[in-house]
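Remarks on the overall topology
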Amino acid sequence: MMLNPSAGQPDDRKSSLYSQPQSGAYKSGDKTSPISVILVSNGSRGNRLLFRYPFQRVAECPSSLSAKQRSPYVLNTTGDGLDDQDGDSREQSPLTDEQLVAGFSDIILATILATKSDMCGKKFELKIDNVRFVGHPTLLQHPPIIQVSKTDPSPQREMPTMILFNVVFALRANADPSVINCMHNLSRRIAIALQHEERRCQYLTQEATLMLTVQEEITTMTENGSPQSPFRQILPKCKLARDLKEAYDSLCTTGVVRLHINKWLEVSFCLPHKIHRIGGTYIPPEALERSLKAIRPYHALLLLDDEKVLLSQLPLDCSPAMVRLIKTCSAVKNLQQLAQDADLALLQIFQIAAHLVYWGKAIIIFPLCENNVYMLSPHANICLYSKLAEQFSQQFSGHDLPSMLAKFSLPVSLAEFRNPLETPAQEAQLIQMVVWMLQHRLLIQLHTYVCLLVPPCEDEPGLRDEEPPLAARVGGRSLSTPSALSFGSPTSSDDMTLTSPSMDNSSAELLPGGDSPLSKRMTETLLASLSEHERQVILNIPAAQNPEDLRMFARLLHYFRGHHHLEEIMYNENMRRSQLKTLFDKFRSVLVVTNHEDPIISIFQSPME
């Protein structure tokens, strides 16, 4: 199931459907955008270049060039000559995208890109100078030819003229390997759709015949003295050519491609480098994948579009589970509650949520509650007359965005942010404002982290330098770091009984209580990872004289590494916030409390470019 980013939006590109992009439309030298898209074929007529976009500008004919006689002493500003007549090399400017592919003629491209049959069905990658070609050659396997007798009046089927084809994307040679893999994935998807339609109704053969016919007509006209680009004339006549152009334009702008090959098969593709960006750089897909795998049941899903708008972008044959999730989704529900309300498996909720986040339709947040602490994002646009400020004023009449953002200049919780004297309607509108600012990445959430920091021994300071850090010593008992967990971990398995952090009962009751020998041995075992000095300092704290407090501290010791925030500890250990804060206060002499972003979801809270 893929999303339709263009549904419900006016097609403002129709006026320029058959025109090339302007020089300033796309960034020249962008490593995430393709330079060109090329379609080649091999068959009974040899290697042929069927279509390329952007097409080359037609050079002036020799007769017109000879008519323009120039003085030999005039400075050459056309850039045709790279060397002076004296032999001195001129300083060359960086080549534009058009110049990179302009050196490859149609014949050369058809020769090097139309591979042999042995290479079909595999990744095709070829680097020549500053250009890298990426494609997926596909062999056309037609049904066997039916042999008929000579007396049979039915016409005999002709042998197909096309053997293989290749949809190739030209990239810069220094393109990131993840971009190369994405382009190969798109080429493979288009090839599979074209292969299917060729088997069903010989769609590719018909389109190729039309392209070659137009090329022959333009070649005849060019010989008569009127040079034209055959690919410009192919665009209004060939549906496949328009699909390839649309794919190229989408990759260079939004990064979301949605085609209907032969008005029948849908090809959807998302280039994450265009959707997930921080400032002027993209988020590596590996980092995005690690964050998606680290989604936990206590996280929430925040849709970036209105429910009706998002539902209108879904294809007709989308999964009913996705429709159910979108209708049930709320910023105040964690994923476990969402699974219960939508009557879906928790693992399925994770997969749909990751799908929506990957396509840039949602972000991962922590469910809204009174204890959440927010502050102004350092990347937020705080201009008084920005587009966001205008949108905010239109949606929330009587309020302005700069004044609302000023309230979050310092970290503030939602309990402190709201006014207890406001009516329920005003309070609901206030929550909607916070949701709106989270959707536009204007706010970031701060979480509480705890680190164990025992003062060094004054008598023997040299011993502290030789001891390994706490994270290495308690690592055997600690939980895996969030980035190392996956959807199949016990915390996300449906076989586990997942409870809400707000429940009163604590798992500490399962341990032996009081001063029993078993309880003391378990506490000593939990503290065994500490050094003798650290154990002595902890045991000298007044709160350590209480066996229950000491047992709880020892049980939570593996969380005190600064990698697990307060809400995660509450969920995993089924404890209340007040219990943890009381414990932190009792052992404050050896615990350091810090507040910062959750690295798992911080990339989703970065502002869009």
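Just so it is clear, the structure is predicted and the values come from calculations on it, not from any experiment.

Quick notes on the rules
Residues numbered from 1 in each chain as written. Predicted model: local features only at pLDDT ≥ 70, side-chain atom pairs only at ≥ 80, totals over all residues. Heavy atoms only, no water. Helix = DSSP H or I, 4+ residues; strand = E, 2+ residues; numbered from the N terminus. Buried < 20%, exposed > 50% of the residue type's maximum accessible area, 1.4 Å probe, protein only. Contact = heavy atoms within 4.5 Å. Areas by Shrake-Rupley, 256 points an atom, 1.4 Å probe, with all protein chains shown as cover. Phe/Tyr/Trp six-rings, centres within 6.5 Å; stacked < 30°, edge-to-face > 60°. Expected span 1.5 Å × (residues − 1). Salt bridge = Lys/Arg side-chain N within 4 Å of Asp/Glu carboxyl O. Core = buried A, V, L, I, M, F, W, Y, C linked by side-chain atoms within 4.5 Å. Pairing = 2+ DSSP bridges. Polar contact = N/O pair within 3.5 Å; in protein donor to acceptor, adjacent residues only side chain to side chain. Axes fitted to C-alpha atoms, helices over the stretch in contact; angles between N-to-C directions. Left-handed = near helix turned anticlockwise from the far one by under 90°. Nonpolar A, V, L, I, M, F, W, Y, C, P; charged D, E, K, R; others polar. Arc of directions from axis to C-beta. Parallel < 35°, antiparallel > 145°, perpendicular 65-115°, else oblique. pLDDT = per-residue confidence, 0-100.

Turning our eyes to something else, we now look at the overall build of the chain. Helices and strands together make up the secondary structure of the chain, namely 24 helices and 17 strands. Split into buried and exposed, the 609 residues of the chain put 44% on the buried side. Restricting to contacts in the chain with at least 6 residues of sequence separation, those with at least 24 account for 74%. Counting every atom, the chain has about 32,000 Å² of accessible surface; 53% of that belongs to carbon and sulfur.

Counted by the stated rule, this structure contains 11 aromatic pairs. On the numbers, 5.0 Å between centres and 45 degrees between planes, the contact of Phe392 with Phe396 is tilted. Using a relative accessible area of 0% as the deciding quantity, one classes Phe392 as buried. Its relative accessible area of 5% is what places Phe396 among the buried residues. Taken together, the ring pairs in this structure connect Phe553, Phe560, Phe584 and Phe587 into an aromatic cluster.

Let us look at helix H17 (residues 424–439). For H17, spanning 16 residues, the distance from its first C-alpha to its last is 23 Å, which sits close to the expected 22 Å at 1.5 Å a residue. All buried positions along H17 are accounted for by Leu430, Met433, Val434, Val435, Trp436, Met437, Leu438 and Gln439. Backbone geometry just downstream of H17 places Arg441 in the positive-phi region, at approximately 55 degrees.

Taken as a whole and assessed by the stated rule, the structure comprises 16 salt bridges. In this structure, the salt-bridge partner of Glu266 is Arg258, at a minimum N-O distance of 2.8 Å. According to the relative accessible area criterion, Glu266 is partly exposed, its value standing at 30%. Note that Glu289 is salt-bridged to Lys293, the shortest N-O span being 3.4 Å. Residue Glu289 and its partner Lys293 are both found in helix H9 (residues 285–293); the two are separated by 4 residues, about one turn of the helix. Since its relative accessible area comes to 36%, Lys293 is described here as partly exposed. Connected via shared salt-bridge partners are Lys123, Glu125 and Arg132.

On to the environment of Ala321. As for its position among the elements, Ala321 is in helix H11 (residues 320–328). Sequence separation of Ala321 and Gln348 is 27 residues, and the distance between their C-alpha atoms is 8.5 Å. If we ignore the near neighbours within four places in the chain, the residues touching Ala321 are Leu344, Gln348 and Ile352.

One finds Phe51 and Phe133 to be the most contacted residues of the largest nonpolar core, which totals 63 residues. Counting residues per element, this core draws most heavily on helix H4 (residues 177–201), which supplies 9 residues. Among residues more than four places away in sequence, those in contact with Phe51 are Val37, Ile38, Leu39, Met211, Phe231, Ile234, Leu235, Ala241 and Leu244. Counting residues in hydrophobic clusters, the runner-up holds 34 residues, among them Ala294, Met322, Ala354 and Ala362.

With that out of the way, let us pick up the pairing of strand E12 (residues 362–365). Burial along E12 is two-sided: Ala362 and Ile364 facing one way and Ile363 and Ile365 facing the other are all buried. Inspection of the sheet shows strand E11 (residues 300–303) paired to E12 by 4 bridges, in the antiparallel sense. In the strand pairing of E12, Leu302 is matched with Ile363.

Counting through the fold element by element, Thr138 comes out in strand E5 (residues 138–139). At 3.1 Å, the side chain of Thr138 forms a polar contact with the backbone oxygen of His136. Each residue touching Thr138, except ones within four places of it in the same chain, is listed here: Cys120, Ile163, Leu164, Phe165, Ala191 and Gln195.

Moving on to the packing of helix H23 (residues 566–573) against helix H24 (residues 577–586). Following both chains from N to C, one finds H23 and H24 inclined at 115 degrees, their axes separated by 10 Å at the closest point. As H23 runs across H24, the sense of the crossing is right-handed. Contacts from Leu566, Glu567, Ile569 and Met570 of H23 reach H24 at Arg577, Leu580, Lys581 and Phe584. Grouping the amino acids of the contact of H23 with H24 by side-chain chemistry returns 5 nonpolar, no polar and 3 charged.

Turning our attention to helix H14 (residues 387–395). For H14, the full list of buried residues reads Leu388, Ala389 and Phe392. For H14, the angular spread of buried residues about the axis comes to 100 degrees, placing them on one side. Exposed side chains of H14 directed beyond 90 degrees from the buried face belong to Lys387, Glu390 and Gln394. Turning to H14, the residues buried within the fold contact helix H15 (401–406) and H17.

Our next topic: the packing of H11 against helix H13 (residues 346–358). Two quantities define a packed helix pair, namely the angle between the helix axes and the distance between the axes. Direction vectors running N to C along H11 and H13 enclose 80 degrees, while the axes themselves pass 11 Å from each other. Classified by the angle their axes make, H11 and H13 are roughly perpendicular. Between H11 and H13, the residues in contact are Ala321, Met322 and Leu325 and Gln348, Ile349, Ile352, His355 and Leu356, respectively. Grouping the constituent residues of the contact of H11 with H13 by class yields 6 nonpolar, 2 polar and no charged.

What follows covers the confidence of the model for the chain. Where the model shows low pLDDT, its predicted coordinates should not be examined in detail. Of the residues in the chain, 71% have a pLDDT of 70 or more, and the chain-wide mean is 77. This stretch, residues 5–28, has a pLDDT under 50; its non-local contacts, to residues over four places away or in other chains, come to 34 contacts. Segment residues 59–91 is flagged for pLDDT under 50; beyond a separation of four residues in sequence, or across chains, it makes 15 contacts in the model.

Turning to the pairing of strand E3 (residues 124–128), a few remarks are in order. Judged from the 5 bridges that link them, E3 and strand E4 (residues 131–135) form a sheet pairing that is antiparallel. Bridging from a neighbouring strand, Ile128 pairs with Val131 of E4. The antiparallel pairing of E3 with E4 creates a hairpin that spans 2 residues between the two strands, and Asp129 there sits at a positive phi of about 55 degrees.

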